[in-house]
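# A structural walkthrough
This is what each chain is made of:
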Amino acid sequence: MNDLQLATSRTWAEINLDELEHNINILRRQLTPGTKFLGVVKANAYGHGMIECARKLQASGADWLAVATVPEGAELRRNGITLPILCLGQTMPEFCGMISDYDITQAVGDIDNGRKLSDIAQTIGKKINIHVKIDTGMSRTGFYWPSDDAGKNRTAREINELCGLPGLNAEGIFTHFAIADDDPEFTRSQLAKILEAKEYLRRLGRTFAVTHAAASVGVLNYPAAHLDMGRFGLVLYGYASTDNGNEGSTLDLHPVMTVKSRITAVRKLPAGTTISYGRTYTLKRDSLVAVLPMGYADGLPRTLSNNFSVKIHDTLCPVLGRVCMDMTMADVTDVSGVKAGDVATIFDGELIPIAAKNTGTIIHEIVCKPSQRVPRVFIDGGKLRA
C-alpha cells in the first residue's frame, strides 16, 4: 500500500491547490493597483494544510503571509518559505529570539508587551520588526483609539514611544474590522480611526512602510480600506461569506477542501431499529444503513446528529442517530448499489455552509475541524498526491 492509498483508506481531506491558485488570481484582481496581497495561513491554513498552501501562495506571487503564533511562522521558515511573515497573535517576550532567528514580524498592541520585547531584544543583541495594532472597535488586542482629543494625543505618544524602543523596528500599523459583512457605518468608522491614528503619529514624526486594515470581507466590500495591503483569509479557501458561502456572490471563488470517507459496511436493518448512542433515531422502514468511519474525533460535529446529510453516489443521504467519536451512520436505502469501500463526501463547497448553519456556527469553524488524524492529500497540476 503506497502513501496515497494509505491516506485515502479511511477518512481524508482533499485539498485542491489548483483551486487555491484560481482563488488567488481572482482575489488579486479585486485589490486596488499597487496594494500588497497577504495570505492568511494560520490554524493550518484554516484546516487546509499550512505548508502546502503557503508554498502555493508564494509560487503564485503573494507578498506576505500571516500566522497566529511564532511557532507557526518558524515552521513555515523551516519548510522553505521566504515571504515576509506577520504573526497576528500576542506573543510572550520569551519568543523574541525565535522571532528574530526566523525573521518573523510581530504584532504589538500594548506598551508593556513592547517594552518586554525591547528588553529581551537588547539582551540578546537582536532586532525585530513589528506592526503596531490599533484597536478601532474589535476590543480584542491593540492600542485602544479613544474619541477625545486628549486621549488621542496620549495614545499617539504612547505608540510613538513603542516605535522608538531599542531593538524594535516599527514597520507597519494595522487594525482589524469587527463587522465588515453587516455594518458599513461601523466599519467606515474603524477605517477613519486607523487613518486618524496614523495622522496623529505622522505629526509626531512617525511614519510606517505598511498600513493595513481589511481582511477577507472587508477587502471585497470596502475598496477604500485596501490601503497598502489586503489580508485574505477565508476567501482564499473559496468562500465569500462567513455564513452563506458563495450564495449571492458574483466572485468566481472555488472551494478548496473536500472531506471524504470510505464506507466500511452497509447494513440491512428492519423498521423499528434504533440507531447509535441514546437511541435518538428509529428507522421508519426497512433500511440500508451505511457506516462511515468519521466521527467527532475526526471533525464531524456531534451537533450534526440527525441534522445533516452526506453525499453518496451524488445523492444526499441523511445522518441517522448520534455522530460517534469514530463513526457515523447514513441512510442509503434509496441509493442503488452502495457497498463497503464506496466513498462518501462529508464536506464540500455545498455541504460546508449547510454544516455551519445547522450547527449555529461559521464556515471558518467547519473547515478548521478536520482533525490531525484526517490526512490531507493534495491536488496539484491536476494530480492527486499524499
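Just above, that's the structure.
Report follows, based on the coordinates. Predicted, not measured: the structure shown is a model, and the values here were computed from it.

## Examining the packing of helix α7 (residues 111-124) against helix α8 (residues 149-163)
- Taken N-terminus to C-terminus, the directions of α7 and α8 make an angle of 15°; their axes are 9 Å apart at the nearest point. As summarised for this structure, α7 and α8 are arranged roughly parallel, according to the angle between their axes. α8 is crossed by α7, and the crossing has left-handed handedness. Residue-level inspection shows I111, G114 and R115 of α7 in contact with α8, the latter providing E158, E161 and L162.
- Its residues assigned to classes, the contact of α7 with α8 comprises two nonpolar, one polar and three charged.

## Examining unusual backbone geometry
- Of note in the backbone geometry, N44 takes a positive phi value of approximately 55° without being a glycine.
- If you trace the backbone, N44 turns up in helix α3 (residues 42-46).
- You will see that D314, though not glycine, has its phi angle at about 65°, which is positive.
- Looking at where D314 falls in the secondary structure, it is placed in the loop between β16 (309-312) and β17 (315-320).

## Quick look at the nonpolar core
- If you look at the biggest cluster of nonpolar residues, it comprises 108 residues, and the most contacted ones within it are V41, L76, V132, I312 and F347.
- Apart from the residues within four sequence positions on either side, L76 is in contact with V41, M50, I51, A54, L65, V67, I81 and I85.
- Counting eight residues, the second largest nonpolar core, distinct from the first, contains I275, V291, C324 and M329.

## What about the environment of H313?
- Inspection of the secondary structure assignment puts H313 in the loop between β16 and β17.
- Aside from chain neighbours lying at most four places away, what touches H313 is V335, S336, G337, V338 and D342.
- At 2.9 Å, the side chain of H313 forms a polar contact with the side chain of D342.

## Observations concerning the packing of aromatic side chains
- The full count for this structure, using the stated rule, is four aromatic pairs.
- The ring of F37 carries the charged tip of R28 above its face, separated from the ring centre by 5.7 Å.
- Its end group placed over the ring of Y200, R203 keeps NZ or CZ at 4.9 Å from the ring centre.

## A short note on the environment of D135
- Its place among the elements puts D135 in strand β6 (residues 128-135).
- As for D135 and W145, which are separated by 10 residues in sequence, their C-alpha atoms are 6.0 Å apart.
- Leaving out residues up to four positions away in the same chain, D135 has contacts with R140, T141, G142, F143, Y144 and W145.
- Looking at D135, its side chain comes within polar contact range of the main-chain nitrogen of M138, at 3.2 Å.
- Reaching out from D135, the side chain makes a polar contact with the backbone nitrogen of S139 at a distance of 2.9 Å.

## Focus on helix α9 (residues 184-203)
- Under the 1.5 Å per step criterion, the end-to-end length of α9 is 29 Å for 20 residues, consistent within 8% with the ideal 28 Å.
- The set of residues buried in α9 consists of T187, Q190, L191, I194, A197, Y200 and L201.
- Next to the buried residues of α9 lie β6, α8, β8 (168-174) and β9 (210-212).
- Where α9 ends, the next residue or the one after it, G205, has phi of about 85°, a positive value.

Here is what the cut-offs are and how they apply
Residues numbered from 1 in each chain as written. Predicted model: local features only at pLDDT ≥ 70, side-chain atom pairs only at ≥ 80, totals over all residues. Heavy atoms only, no water. Axes fitted to C-alpha atoms, helices over the stretch in contact; angles between N-to-C directions. Helix = DSSP H or I, 4+ residues; strand = E, 2+ residues; numbered from the N terminus. Parallel < 35°, antiparallel > 145°, perpendicular 65-115°, else oblique. Left-handed = near helix turned anticlockwise from the far one by under 90°. Contact = heavy atoms within 4.5 Å. Nonpolar A, V, L, I, M, F, W, Y, C, P; charged D, E, K, R; others polar. Core = buried A, V, L, I, M, F, W, Y, C linked by side-chain atoms within 4.5 Å. Buried < 20%, exposed > 50% of the residue type's maximum accessible area, 1.4 Å probe, protein only. Polar contact = N/O pair within 3.5 Å; in protein donor to acceptor, adjacent residues only side chain to side chain. Phe/Tyr/Trp six-rings, centres within 6.5 Å; stacked < 30°, edge-to-face > 60°. Lys NZ or Arg CZ within 6 Å of the ring centre and 35° of its normal. Expected span 1.5 Å × (residues − 1).

It is worth stressing that arrangement in space is one thing and function is another; only the former is reported here.
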